[in-house]
Each structure stands twice: as structure tokens, then as C-alpha cells.
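Commentary on secondary and tertiary structure
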Amino acid sequence: MADFVDGTAFNHEQGQRSRKLFAAVVLAALDDAIADDKKYGNGPEQIARWARSRDGREVLSCAGIDPNERVVKGLMGFVANGVRTSVALSREESERRNQAEAA
């Protein structure tokens, strides 16, 4: 019984690591699309094309994200905002947004 529990815990941990790895790929794709948007002006279209592709849908699924049209629209909106993922996920940006909403 203890072996089963250890094996299940190990598999769960491996799955979580895998999900985080694929989430990092999604963040990298967003950053690439933001860079394309600044350079060529076609970032939202690029991320939508990627997210609708077979590879994009598979990466989103492996990251734990349901690859539906609502998600594609959200990714496009995020790219259109032009805020890089590292900045958007930072504590300072979160605090700045909360202060702006409170005012």
C-alpha cells in the first residue's frame, strides 16, 4: 500500500512539473507575439493562429488550459495590451493595478 501511495504522489508531482513546463511555453509564445506586435503590428493574429493550430491546442491542453475560442480571444487581448508576461506577473504591476482600480 505504501508503494502505491508513493507512486501516486510521484506521478502527481511529475504531472505538476510537466504542466508548469508547458505553461512556460505558453508564456514564451505570448512574449513572442507581443514582440511581433511591437515590430510588425500582427501580434494578436499570430497568437490566435498559434493557439488554433494543432501544436498550440496541444500545448495549451498540456498546460491545463482548455483550448477554446474564449481562451484564444483572451490571449489576443493580452497580446493587444502589450504588457510582457514577466511584467504582468510581477507583484509591483499587480499592486499598481489594484491602486488604479481603487482610485
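Refer to the structure printed above.
Here is a short report on the structure shown in this document.

**Digging into the packing of helix α2 (residues 43-52) against helix α3 (residues 54-62)**
Put simply, α2 and α3 touch, their axes get as near as 4 Å, and they point 80 degrees apart. Judged on the interaxial angle alone, α3 and α2 are roughly perpendicular. Contact with α2, carried on its side by Trp50, Ala51 and Arg52, involves Arg54, Gly56, Arg57, Val59 and Leu60 of α3 and no other residues of that element. Grouping the constituent residues of the contact of α2 with α3 by class yields four nonpolar, one polar and three charged.

**Here's the deal with the packing of α2 against helix α4 (residues 69-81)**
Helix-helix packing is characterised by the crossing angle of the two axes and by the distance between the axes. With their axes 8 Å apart at the nearest point, α2 and α4 run at an angle of 150 degrees to one another. Of the possible angle classes, the one that applies to α2 and α4 is roughly antiparallel. Like other packed secondary-structure pairs, α2 and α4 cross with a definite hand, here right-handed. From α2, Gly43, Pro44, Ile47, Ala48, Ala51 and Arg52 reach across to α4, where they touch Glu69, Val72, Leu75, Met76, Val79 and Ala80. Of the residues that constitute the contact of α2 with α4, the class distribution is nine nonpolar, one polar and two charged.

**Concerning the pattern of salt bridges**
Overall, the coordinates contain three salt bridges when judged by the stated rule. As a salt-bridge pair, Arg84 and Asp31 come within 3.8 Å of each other at their nearest N and O atoms. Pair noted here: Arg84 is in the loop between α4 and α5 (85-88) and Asp31 is in helix α1 (residues 2-40), with a separation of 53 residues, a long-range link. The exposure class of Asp31 is buried, given its relative accessible area of 14%.

**Some remarks on the environment of Ala88**
Residue placement: Ala88 occurs in helix α5. Taking the C-alpha atoms as reference, Ala88 lies 23 Å from Ser18; in sequence the two are 70 residues apart. Excluding anything up to four places from it in sequence, Ala88 contacts Phe78, Val83, Glu93 and Arg97.

**Brief notes about α3**
Within the span of α3, buried status applies to Gly56, Val59 and Leu60. Down the axis, α3 shows its buried residues gathered within 100 degrees of arc, on one side only. The positive-phi residue at the C-terminal boundary of α3 is Gly64, with phi of around 85 degrees.

**Some points on the environment of Pro44**
Locating Pro44 in the fold gives a position in helix α2. Residue class for Pro44 comes out buried when judged on its relative accessible area of 14%. Put simply, Pro44 and Asn81 are 37 residues apart on the chain and 9.7 Å apart in space, counted from C-alpha to C-alpha. Look past the residues within four positions of Pro44 in its chain and what remains in contact with it is Asp37, Met76, Val79 and Ala80.

What counts and what doesn't
Residues numbered from 1 in each chain as written. Predicted model: local features only at pLDDT ≥ 70, side-chain atom pairs only at ≥ 80, totals over all residues. Heavy atoms only, no water. Axes fitted to C-alpha atoms, helices over the stretch in contact; angles between N-to-C directions. Helix = DSSP H or I, 4+ residues; strand = E, 2+ residues; numbered from the N terminus. Parallel < 35°, antiparallel > 145°, perpendicular 65-115°, else oblique. Contact = heavy atoms within 4.5 Å. Nonpolar A, V, L, I, M, F, W, Y, C, P; charged D, E, K, R; others polar. Left-handed = near helix turned anticlockwise from the far one by under 90°. Salt bridge = Lys/Arg side-chain N within 4 Å of Asp/Glu carboxyl O. Buried < 20%, exposed > 50% of the residue type's maximum accessible area, 1.4 Å probe, protein only. Arc of directions from axis to C-beta.

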